[in-house]
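Coordinates in review
As a plain string of letters, each chain reads:
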Amino acid sequence: MTDRRLLLVHAHPDDETIVTGATMAKYAAEGADVALVTCTLGERGEVIPPELGHLAEERGGGLGEYRVGELDKACLALGVRDHRFLGGAGRYRDSGMMGAPTNDDPTCFWQADVEEAALRLAEVIREVRPHVVVTYDDNGGYGHPDHIQAHRVTLRAFEKAAERALAGQPWQTRKLYAIAQPRTRLEEQVARLQEEPGPFTAPYEVGDIAPGAPDARVTTRIDASAHWAAKALAMRAHATQISVDGERFALSNGIAQEIDAVEHFTLLRGPTPRPGPDGFETDLFA
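The rules behind these values
Residues numbered from 1 in each chain as written. Predicted model: local features only at pLDDT ≥ 70, side-chain atom pairs only at ≥ 80, totals over all residues. Heavy atoms only, no water. Salt bridge = Lys/Arg side-chain N within 4 Å of Asp/Glu carboxyl O. Helix = DSSP H or I, 4+ residues; strand = E, 2+ residues; numbered from the N terminus. Buried < 20%, exposed > 50% of the residue type's maximum accessible area, 1.4 Å probe, protein only. Disulfide = S-S within 2.5 Å. Expected span 1.5 Å × (residues − 1). Arc of directions from axis to C-beta. Contact = heavy atoms within 4.5 Å. Phe/Tyr/Trp six-rings, centres within 6.5 Å; stacked < 30°, edge-to-face > 60°. Lys NZ or Arg CZ within 6 Å of the ring centre and 35° of its normal. Core = buried A, V, L, I, M, F, W, Y, C linked by side-chain atoms within 4.5 Å. Pairing = 2+ DSSP bridges.

Focus: the pattern of salt bridges
Going through the model one piece at a time under the given rule, you end up with 21 salt bridges. Note that K160 and E115 form a salt bridge whose closest N and O atoms lie 3.0 Å from each other. Pair noted here: K160 is in helix α4 (residues 145–166) and E115 is in helix α3 (residues 114–128), with a separation of 45 residues, a long-range link. Taking the relative accessible area as the measure of exposure, E115 reaches 35% and is therefore partly exposed. For R185, the salt bridge identified is with D260, shortest N-O distance 2.8 Å. Linking R185 in helix α5 (residues 183–195) with D260 in the loop between β9 (257–258) and β10 (262–269), this pair joins segments that are 75 residues apart in sequence. For D260, a relative accessible area of 18% puts it in the buried group.

Describing the state of the cysteines
According to the stated counting rule, one finds zero disulfides in the structure shown. Not part of a disulfide, C39 finds its nearest cysteine sulfur in C108, a span of 12 Å. On the basis of relative accessible area, C108 is assigned to the buried category, the value being 1%.

Considerations on helix α2 (residues 63–78)
Along its 16 residues, α2 runs 22 Å from first to last C-alpha, staying within 8% of the 22 Å computed at 1.5 Å per residue. Considered for burial, the residues of α2 that qualify are L63, G64, R67, E70, L71, A74, C75 and L78. Looking straight down α2, one finds that the buried residues subtend no more than 140 degrees of arc, so they occupy a single side. In α2, those exposed residues whose orientation departs by more than 90 degrees from the buried face are E65, K73 and L76. Looking at the buried positions of α2, the neighbouring elements they touch are α1 (15–29), β2 (33–38), β3 (82–85) and α6 (228–237). Just downstream of α2 lies G79, where phi reads positive at about 80 degrees.

Examining the packing of aromatic side chains
Following the criterion strictly, the structure yields three aromatic pairs and no others. Between Y27 and F285 the ring centres are 5.1 Å apart and the planes differ by 80 degrees, which places this aromatic pair in the edge-to-face class. Taken together, the residues Y27 in helix α1 and F285 in the segment after β10 connect sequence positions 258 residues apart. Both residues of the pair, Y27 and F285, count as buried. A cation over a ring is seen here: K26 above Y27, with NZ or CZ 4.4 Å from the ring centre. Above the plane of the ring of Y92 lies R91, whose end atom (NZ or CZ) is 4.7 Å from the centre.

Some details on the nonpolar core
Counting residues in hydrophobic clusters, the biggest one holds 62 residues, and the most contacted among them are L6, L86, F109, L121, V134 and L284. Residue contributions to this core peak at seven residues, all from α3. Beyond its immediate stretch of four places on either side in the chain, V134 contacts L6, L7, L8, V9, T20, Y177, I179, F265 and L284. One finds V190, L193, F200 and A256 within the second-largest nonpolar core, a separate group that totals nine residues.

Notes on the pairing of strand β5 (residues 175–180)
Burial within β5 is extensive, with six of its six residues counted as buried. Taking every second residue as pointing to the same face, both faces of β5 are buried, with K175, Y177 and I179 on one and L176, A178 and A180 on the other. Inspection of the sheet shows strand β4 (residues 132–135) paired to β5 by four bridges, in the parallel sense. Following the sheet pairing, T135 is matched in β5 by A178.

Have a look at this one:
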């Protein structure tokens, strides 16, 4: 067990790579212990390649099991050796997009009891003993129910682990971060993509990619540019969900995005960040 331990909590296979892949690869390469918890198998994702269309739930299924394999390959590309599913693989099902009938499935993550799921995650926290935990903000980044639930569960698990510490249990977790995509950076990306979207559709506005976080809320900037190739390789591993072409990628909506190895976060719990000259903290472990 190293002196730097990072735990990330994501909703579906591929989420870890899209928004935190470069950060994971950077810290893993530097010798930190990087652990990943994924909350669902992503059974209800849309399948992009026609030759894999038979995996979609409405055509017989099997997508969740297939995405486990994709996640294994992505973690290998990122150098992440510790990966687990919350409660075990398949314990919580993908809820689908917000407002879909699948949100009412009693087995889906959106319907999970937060206290019960948080207890499961708190056990992982006590085992891994991370110094830093990363998940989504209270809107789940873009409003996906599983992302929102992952935020709720992680926040409660963080509190539960801290309560144990007050009772004399070991406690080394000091910081909790939310993934953030600064609105200004997204605006710059949209402008570039309108000029050159690659084989994909150019985004019309920031919201075509993500709502974006107000710049003032973003506390931390991790420049993992040296690990761009690892992130791109991990993206290619998630072939059912991500199309990659050079420095661009697209999800099932076909809208172009840049593969960005500079990733941003907002500190939710922990000591006040000490920003550098650019106004950002530059190390999750600072």
